[in-house]
Amino acid sequence: MHSPLDIATTGATQIWTINKPEVGNAITDVEFIEAFEAAVDAANADLEIRAIILTGAGKIFSAGGNVKEMADRTGMFGVDERAQRRAYVAGIQRLPRALARLEVPIIAAVNGAAVGAGCDLAMMCDIRIASERASFAESFVQVGLIPGDGGTWFLPRAVGYERAAEMTFTGDRVDAATAAEWGMVSRVVGPDDLLDEARTLAERITKNPAEALRMAKRLLQESRTSPLESVLGMAAAMQPLAHLSPEHTERVEKWRSR
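Reading the values: rules and limits
- Residues numbered from 1 in each chain as written.
- Predicted model: local features only at pLDDT ≥ 70, side-chain atom pairs only at ≥ 80, totals over all residues.
- Heavy atoms only, no water.
- UniProt positions renumbered as here; feature names shortened; annotations may be inferred.
- Helix = DSSP H or I, 4+ residues; strand = E, 2+ residues; numbered from the N terminus.
- Rg over C-alpha atoms; globule rule 2.2 N^0.38 Å.
- Buried < 20%, exposed > 50% of the residue type's maximum accessible area, 1.4 Å probe, protein only.
- Polar contact = N/O pair within 3.5 Å; in protein donor to acceptor, adjacent residues only side chain to side chain.
- Contact = heavy atoms within 4.5 Å.
- Salt bridge = Lys/Arg side-chain N within 4 Å of Asp/Glu carboxyl O.

Named according to an unreviewed UniProt entry, the chain is Enoyl-CoA hydratase originating from Gordonia polyisoprenivorans. Entered under Sequence similarities (unreviewed entry) in the UniProt record, the comment concerning the chain runs "Belongs to the enoyl-CoA hydratase/isomerase family."

K.L.:
I keep staring at the overall build of the chain and nothing clicks. Help me out?
P.N.:
What the chain contains, in helices and strands, is 12 helices and 10 strands. A globule of 258 residues ought to have a C-alpha radius of gyration of about 18 Å, and the chain, at 19 Å, matches this closely. Taken over the C-alpha atoms alone, the chain extends approximately 65 × 40 × 40 Å along its principal axes. The 258 residues of the chain split such that 48% are buried.

K.L.:
It is not clear to me how the side chain of Ser 131 should be interpreted in this structure. Could you clarify?
P.N.:
The topology assignment puts Ser 131 in strand S7 (residues 127–131). For Ser 131, the side chain forms a polar contact with the main-chain nitrogen of Arg 133, separated by 3.0 Å. Ignoring sequence-local partners within four residues, the contact set of Ser 131 consists of Val 110, Asn 111, Ala 176, Val 188, Val 189, Pro 191 and Leu 194.

K.L.:
Which parts of the structure should I look at to understand the pattern of salt bridges?
P.N.:
Opposite charge on two side chains allows them to pair when their charged atoms are near. Across all of its chains, the model carries nine salt bridges by this definition. As a salt-bridge pair, Asp 29 and Lys 20 come within 3.1 Å of each other at their nearest N and O atoms. In this structure, Asp 29 and Lys 20 share a single accessibility class: buried. Here Lys 217 ties to Asp 126 by a salt bridge, and the two come within 2.9 Å at their closest N and O atoms. Here Lys 217 is found in helix H10 (residues 210–223), whereas its partner Asp 126 is found in the loop between helix H5 (117–123) and S7, with 91 residues between them in sequence. You can call Lys 217 buried: its relative accessible area is 6%. Taking relative accessible area as the criterion, Asp 126 reaches 36% and is therefore assigned partly exposed.

This is the structure we're talking about:
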């Protein structure tokens, strides 16, 4: 049985590939969630890893929930309605919590449709690059559900409230060109160029010191919800650690000797 999340490491970059094409790269089963959490924890523990690329196997990024399991009332959708809240907390909601603690910058290379929880997973990443074939849909209402994975928190921060509301209330798909226009993705490239573009961006990131990257990411995340004074206090506490790092000393000396 293949892993639901393939991990390939080249230098300081890892590529995480959702490898469940037989179910549209669905991300709601416990095997995938556990593999994803393990990948996050391993990356956090390895200071050699400085960038991650997340993509999907085949022609789809992720269909989100396993619709067959929804229809059959199996997996996380098969519990008694009174236990459903706990099933979400113990299931799909572990993904946003895992990404919230991921210290390493992560790029979503969206190779195809990102639907429902798949769309939200892309929004949880730091940077998004889309193939021309990519599309995005916050499609929960179309099957009578709501975003149970934190999508109502992530999507407005990516595209603004009004556009997030349009996507959430209609469930309609947004193509790659529109996603770029809305600021949902930083760029759109040809399908054959997607991973190369993501690797090039990752290489630009990995040239920088690991600890500085991780602290900068934490500050960006805290800035989403914290007041200015709190972020300034955190920055003031982190910066002395950066000043004391050997990489800072080495790079300042190199800059001075130019």
